[in-house]
Amino acid sequence: MPRTVIRGGLVITAAEEMHADVLIEGEQVVALAATGSDVADGWTADRVIDATGQYVIPGGVDAHTHMQLPFGGTEASDTFETGTRAAAFGGTTTIVDFAVQSVGSSLRAGLDAWHAKAAGVCAIDYAFHMILGDVNESSLKEMDLLVGEGVTSFKLFMAYPGVFYSDDGQILRAMQRGADNGGLIMMHAENGIAIDVLVEQALAAGKTDPRYHGEVRRELLEAEATHRAIKLAQVAGSPLYVVHVSAASAVAELARARDEGLPVFGETCPQYLYLSTDNLAEPGFEGAKYVCSTPLRPREHQAALWRGLRTNDLQVVSTDHCPFCFTGQKDLGRGDFSKIPNGLPGVENRMDLLHQAVLDGHLTRRRWIEIACATPARMFGLYPRKGTVTPGADADLVVYDPTAVQTVSAATHHMNVDYSAYEGRQLTGRARTVLSRGTVVVDGDAYLGRAGHGRYQQRSTCQYL
């Protein structure tokens, strides 16, 4: 097997930091040894990567992406090929995407459809969650089968009536099944029934601009749904993972539940940490670029999200990467904000935005790795194969330059979308060399990977409980 040594870097995991050399054989890390030690100096290798002055970190695990997702009469603009390549450039080496069960169809049909989209084209490793779009006796039984096959998390929606929505009874039944089979229930927590009333009223009053998307999807309706999901999970005896938490009051609901000892977890996304309703209110139709759900909130919510990440009331930062081009997709909603496809691009930016947060004093370096690599791997049954640097782990590694200065721009990003949500933002830090299972897939600005290198990953049940 080919041997690679990464020499002289500062290895950072969620647990520790150490100046160490890393020995890779084939696709796995086989040893770490202190830089300059007799052990490390004795290693020979086919390839030596000099990481002096750099960090050596686990590849990022983005546990919330939507490649090629059909939504609102169009489809997310990143394919599994383009999206995973962009992820690699950003230092992410594993994604967990969402397969969709359509109403009237089976979980198996939805999962098979997503396998067909991803097979043979991914640049990095990938796994699937399952969206339950039609909870019934048949799909509940299928949940057991999917858990046995390594699809161990199931997403439900309190939003989007007529599309993905499940009522409280369906949610309770799915949670009960998850409590029995070990599947983790993921929840989009917004009161979609109430939101639809507010959408109808806003449009009737002539309020059609993108900024009204944020106004009708009220913070209180996220908090209410989060509270309701927690109580339903408590009745079912089920753990709960709330996706894309955006509001201070929703964080408070999670914190209260966790203080009571409940197995309740939360994720947030970079857009809620860095963007706000100011972006939704940009002049003309520019605000459409920032339409996502849950929506961007007023800037004052950001402090509660950062605090939640520090106190572990929020455990994970994922992207909810679901890009739609401004021209030809987002503009489907000109004159009616409710028709703007919901979603932002971000899979390439997450690791760098969170490193900037380290420099800005929001996070420690180890916490950066914890929320972006280790915890998502543990939460979704991929650890320690993914998310850490240790003997036996996959050699998904990033040599990260903490001093490189970059300006984020659609002109230079690799995502298949015609704008950047972070256009013009200057960040310090970027991935220099990215390895996926021991293979260098990105080196500087050069893509050395190939479509089909990425492998499907079966997952165990949640390791974070």
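Further up the page is the structure itself.
To start, this report covers the structure provided alongside it. Remember, predicted model here, so these are calculated numbers, not experimental data. (Residues numbered from 1 in each chain as written. Predicted model: local features only at pLDDT ≥ 70, side-chain atom pairs only at ≥ 80, totals over all residues. Heavy atoms only, no water.)

## Regarding the overall build of the protein chain
Along the backbone of the protein chain there are 14 helices and 19 strands. The C-alpha radius of gyration computed for the protein chain amounts to 21 Å, which stays within 12% of the reference 23 Å derived for 465 residues, consistent with globular compactness. Across the 465 residues that make up the protein chain, the buried fraction comes to 61%. With an accessible surface of roughly 15900 Å², the protein chain has 49% of that area assigned to carbon and sulfur atoms. (Helix = DSSP H or I, 4+ residues; strand = E, 2+ residues; numbered from the N terminus. Rg over C-alpha atoms; globule rule 2.2 N^0.38 Å. Buried < 20%, exposed > 50% of the residue type's maximum accessible area, 1.4 Å probe, protein only. Areas by Shrake-Rupley, 256 points an atom, 1.4 Å probe, with all protein chains shown as cover.)

## Brief notes about the layout of surface pockets
Looking at the largest pocket, its volume works out to about 510 Å³. Every residue lining the largest pocket is counted, 24 residues in all, and those nearest its centre are Phe71, Tyr160, Val163, Ser338 and Asn342. Of all the secondary structure elements, the ones that give two or more residues to the lining of the largest pocket are strand S7 (70-71), helix H6 (192-204) and helix H7 (211-216). When residues in the lining of the largest pocket are grouped by element, the largest group, 4 residues, is from H6. The residue inventory of the lining of the largest pocket, partitioned by class, reads 15 nonpolar, 6 polar and 3 charged. (1 Å grid on protein atoms, 1.4 Å probe; cavity = no way out; pocket = protein on both sides within 12 Å on 5 of 7 lines; lining within 4 Å. Points joined across faces, edges and corners; volume = space filled by probe spheres on them. Nonpolar A, V, L, I, M, F, W, Y, C, P; charged D, E, K, R; others polar.)

## Quick notes on the sheet that holds strand S6 (residues 60-65)
Spatially, 8 strands are ordered S6-S9-S10-S11-S12-S13-S14-S15 in an open sheet, and the strand pairing comes out parallel. Pairing within the sheet leaves two strands with one partner each, and these edge strands are S6 and strand S15 (316-317). Sheet topology places strand S9 (residues 92-100) next to strand S10 (residues 125-131); 7 bridges connect them, and they run parallel. Following the sheet pairing, Ile95 is matched in S10 by Tyr126. Those strands touched by helix H5 (residues 168-181) are strand S11 (153-157), strand S12 (184-188) and strand S13 (240-242), and its axis lies near 155 degrees from that of S12. Where helix H14 (residues 365-379) meets the sheet, it contacts S6, S12, S13, strand S14 (264-268) and S15, and its direction lies at approximately 65 degrees from that of S6. (Pairing = 2+ DSSP bridges. Contact = heavy atoms within 4.5 Å. Axes fitted to C-alpha atoms, helices over the stretch in contact; angles between N-to-C directions.)

## Re the state of the cysteines
Per the stated rule, a full pass over the model turns up 0 disulfides. Left without a disulfide partner, Cys269 is nearest to the cysteine sulfur of Cys292, which lies 7.9 Å away. The class of Cys269 is buried, set by a relative accessible area of 0%. Looking at the unpaired Cys373, the closest cysteine sulfur is the one in Cys269, lying at 16 Å. (Disulfide = S-S within 2.5 Å.)

## Topic: helix H3 (residues 107-118)
The end-to-end C-alpha separation of H3 is 17 Å, in line with the 16 Å expected for 12 residues at 1.5 Å each. All buried positions along H3 are accounted for by Leu107, Gly110, Leu111, Trp114 and Ala118. In a view along the axis of H3, the buried residues occupy a sector of 95 degrees, so they form one face of it. Gly120 occupies a position one or two residues after H3 and carries a positive phi of about 75 degrees. (Expected span 1.5 Å × (residues − 1). Arc of directions from axis to C-beta.)

## Overview of the packing of aromatic side chains
Under the definition given, this model contains 16 aromatic pairs. Each member of the aromatic cluster is reached from another via a ring pair, and the members are Phe71, Phe157, Tyr160, Phe164 and Phe324. One residue, Arg85, lies across the ring of Tyr447, its end atom 5.7 Å from the ring centre. (Phe/Tyr/Trp six-rings, centres within 6.5 Å; stacked < 30°, edge-to-face > 60°. Lys NZ or Arg CZ within 6 Å of the ring centre and 35° of its normal.)

## Observations concerning empty space enclosed by the protein
Applying the stated criterion across every chain yields a total of 2 cavities of 30 Å³ or more. The computed volume of the largest cavity comes to approximately 150 Å³. Looking at the largest cavity, it is lined by 17 residues, and the ones nearest its centre are His66, Tyr160, Ser293, Asp320 and Asn342. Considering only residue class, the lining of the largest cavity consists of 8 nonpolar, 7 polar and 2 charged.

## Considerations on the pairing of S11
Summarising burial for S11: 5 of the 5 residues are buried, a large majority. Inspection of the sheet shows S10 paired to S11 by 2 bridges, in the parallel sense. Within S11, the position partnered with Met130 by the bridge is Phe154. In terms of handedness, the path from S10 via helix H4 (residues 137-148) over to S11 forms a crossover that is right-handed. Here S11 runs beside S12; their pairing, made up of 5 bridges, is parallel. Paired with Phe157 across the bridge in S12 is His188. (Right-handed = clockwise from strand over helix to strand, strands pointing away.)

## Things to note about the pattern of salt bridges
Across all of its chains, the model carries 24 salt bridges by this definition. The residue Arg211 makes a salt bridge to Glu215 at a minimum N-O spacing of 3.0 Å. Of the two residues, Arg211 and Glu215 both sit in helix H7, 4 residues apart, roughly one turn of that helix. You can call Glu215 partly exposed: its relative accessible area is 39%. Of the charged contacts, one joins Asp336 and Lys339 as a salt bridge, the two residues approaching to 2.9 Å between their closest N and O atoms. For Asp336, a relative accessible area of 13% translates into the label buried. (Salt bridge = Lys/Arg side-chain N within 4 Å of Asp/Glu carboxyl O.)

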